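Observations on chain architecture
Residues per chain are reported as follows:
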Amino acid sequence: MSRDGITRRTLLAASAAGATLASTAGTLAGTTWRAVAGAPAILKPLPPEWFVDFGTNAEMRWESVDPRRYLTAPSRLFVRNHTVTPTIDASSYRLRVLGDAVAGERSLSLRDLRRFRPVEVTTVHECTGNGRSFFGSQQGETVSGTAWTLGAVGTVTWQGVRLADVLRAAGVRRDAVSVQATGLDPSFVSGGVDHGPVRRPFPIAKAYDDALLAWGMNGRPLLPDHGYPLRLVLPGWVGIASIKWLGSLEVSTTELTSPWNTRWYRMSGGAYPADAPPLTLNPVRSAWELPWDATLPRRRRLELTGRSWSGAGPIARVDVSLDGGRTWSRARLRDRPRGVAWTRWSVAWDRPTPGAHTLLARATDVHGRTQPDVTPYNSQGYFFDAVVQHPVTVA
């Protein structure tokens, strides 16, 4: 395995990921994908026991997570749409590679892309606003955006090809500095202004490091809501950087911009300067695998579980408190360190007393980044990484 977590082995599943979905009302692995909730923005079913339905967005419920399963099933993964999920015909799909830093525009089909060496990578995939609601409920601050708790996240294994291989084949110049990824989703209109399809640039160094062009997730073709037939994946970075329904890659010798890195997805308000840089690497976060305000049975010993993750690398330790922060203990890590994927952990609660309690979990990654008690305010509610105060009651 390479240092960034991408393996060189070819998976049969990755080859099978080329199967075409006849339509969004077709079937995949025996499940009918049709608009049930979240329609028309989201196409996959959103049963209320799995999701909080925000209309264009859908949040995974942590109480629905199986502690025994490491990966997040595509059917359970959160959805973040700026407009609606498009229906794209894979047989006629083309990825355009263009710009002043390539030796002529290229148009690549999925078949063309599959001629490159196939790879896979397991990463946490997370919305930049994950945890946003806690700015209000925990810190008493007003921010804008979808009121996610901590369920706008998941860990999946992507199948695809290295972006670096594709760019080298396109003859990218040595003085290239920026790549702009543009999606095929409908134009985003806000305040009467048409901002065009979702697009966001990133440095050429990230493109050559660990970026992936993915057509599969957990060994199956991407679902339409998650970018079918092809998406960009930038491991460890904010979800908006991993453009879904990828239509083009513009490679330039100058810095590229879009509203998604100049107007949104950068810090504003509070103590942040007007020229704060675009957000890239995700912070450290933790979540208990429990309902909010969960009622727990009084037993001699309760086994509680959760997960922690960081955009910078593996989790090194997780400290937990079962009494609102008065005392702390080390949680038992249940997974070996693995790139920018999450780590499951558990803690035994001996002889819990009846009544209300507040659970806390603080993770630290291998680079020493840890969760603070308070997240500095920003007007868009990005990067809430403070230790979340999770209330429970022992009955």
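One can find the structure itself at the top, above this paragraph.
These numbers were taken from a predicted model, which means no experiment stands behind them. (Residues numbered from 1 in each chain as written. Predicted model: local features only at pLDDT ≥ 70, side-chain atom pairs only at ≥ 80, totals over all residues. Heavy atoms only, no water.)

What follows is about the nonpolar core. Core analysis: the biggest nonpolar cluster contains 63 residues, and Leu213 and Leu246 have the highest contact counts within it. Counting residues per element, this core draws most heavily on strand S14 (residues 212-217), at 5 residues. Ignoring any residue separated from it by four or fewer positions in sequence, one finds Leu246 in contact with Tyr93, Leu95, Ala181, Thr182, Gly183, Leu184, Leu213, Leu230, Arg231 and Leu232. (Core = buried A, V, L, I, M, F, W, Y, C linked by side-chain atoms within 4.5 Å. Buried < 20%, exposed > 50% of the residue type's maximum accessible area, 1.4 Å probe, protein only. Helix = DSSP H or I, 4+ residues; strand = E, 2+ residues; numbered from the N terminus. Contact = heavy atoms within 4.5 Å.)

Throughout the structure, instances matching the rule amount to 17 salt bridges. The partner of Arg69 in a salt bridge is Asp66, and the shortest N-O contact between them spans 3.7 Å. Exposure remark for Arg69: the relative accessible area of 58% places this residue in the exposed category. A salt bridge links Arg369 to Asp365; its shortest N-O distance comes to 3.0 Å. Arg369 sits in the partly exposed class, given a relative accessible area of 27%. Judged by its relative accessible area of 2%, Asp365 is buried. Each of the salt bridges in this network shares a partner with another, and the network as a whole consists of Asp66, Arg68 and Arg69. (Salt bridge = Lys/Arg side-chain N within 4 Å of Asp/Glu carboxyl O.)

This part is about the packing of aromatic side chains. Inspection of every chain in the model, using the stated rule, returns 13 aromatic pairs. Relative to Phe384, the ring of Phe134 has its centre 5.7 Å away and its plane inclined at 40°; by these criteria the two rings are tilted. Taken together, the positions of Phe134 in helix H3 (residues 133-137) and Phe384 in the loop between strand S25 (355-365) and strand S26 (390-394) put the pair 250 residues apart, joining distant regions of the chain. Like Phe134, the residue Phe384 is buried in the burial classification. With 5.3 Å between their ring centres and 20° between their planes, Tyr265 and Tyr382 make a pair best called stacked. Here the residue Tyr265 occupies a position in the loop between helix H6 (259-262) and strand S18 (284-288), and Tyr382 occupies one in the loop between S25 and S26, the gap between them amounting to 117 residues. The class for Tyr265 is buried, based on a relative accessible area of 6%. Assessed through its relative accessible area of 3%, Tyr382 is described here as buried. Grouped by ring-pair contacts, the aromatic residues Phe134, Phe135, Trp292 and Phe384 constitute a single cluster. Cation over ring: Arg114 sits above Trp215, and NZ or CZ is 5.1 Å from the ring centre. (Phe/Tyr/Trp six-rings, centres within 6.5 Å; stacked < 30°, edge-to-face > 60°. Lys NZ or Arg CZ within 6 Å of the ring centre and 35° of its normal.)

Bringing the sheet that holds S18 into the picture now. The sheet built from 4 strands is open, its strands ordered S18-S20-S24-S23 with antiparallel pairing. Single-partner strands in this sheet number two, and they are S18 and strand S23 (332-333). Two strands pair when backbone bridges link them, and S18 and strand S20 (residues 301-310) are joined in this way by 5 bridges, in the antiparallel orientation. Among the inter-strand pairings, Ser286 is bridged to a residue of S20, identified as Ser308. (Pairing = 2+ DSSP bridges.)

Bringing the environment of Arg332 into the picture now. Within the fold, Arg332 resides in strand S23. For the pair Arg332 and Arg80, spaced 252 residues apart in sequence, the C-alpha separation works out to 32 Å. The residues touching Arg332, leaving out its near neighbours within four places in the chain, are Glu303, Arg344, Trp345 and Ser346.

Below, the discussion takes up the environment of Arg162. Relative to the elements of secondary structure, Arg162 occurs in strand S9 (residues 153-162). The class for Arg162 is buried, based on a relative accessible area of 13%.

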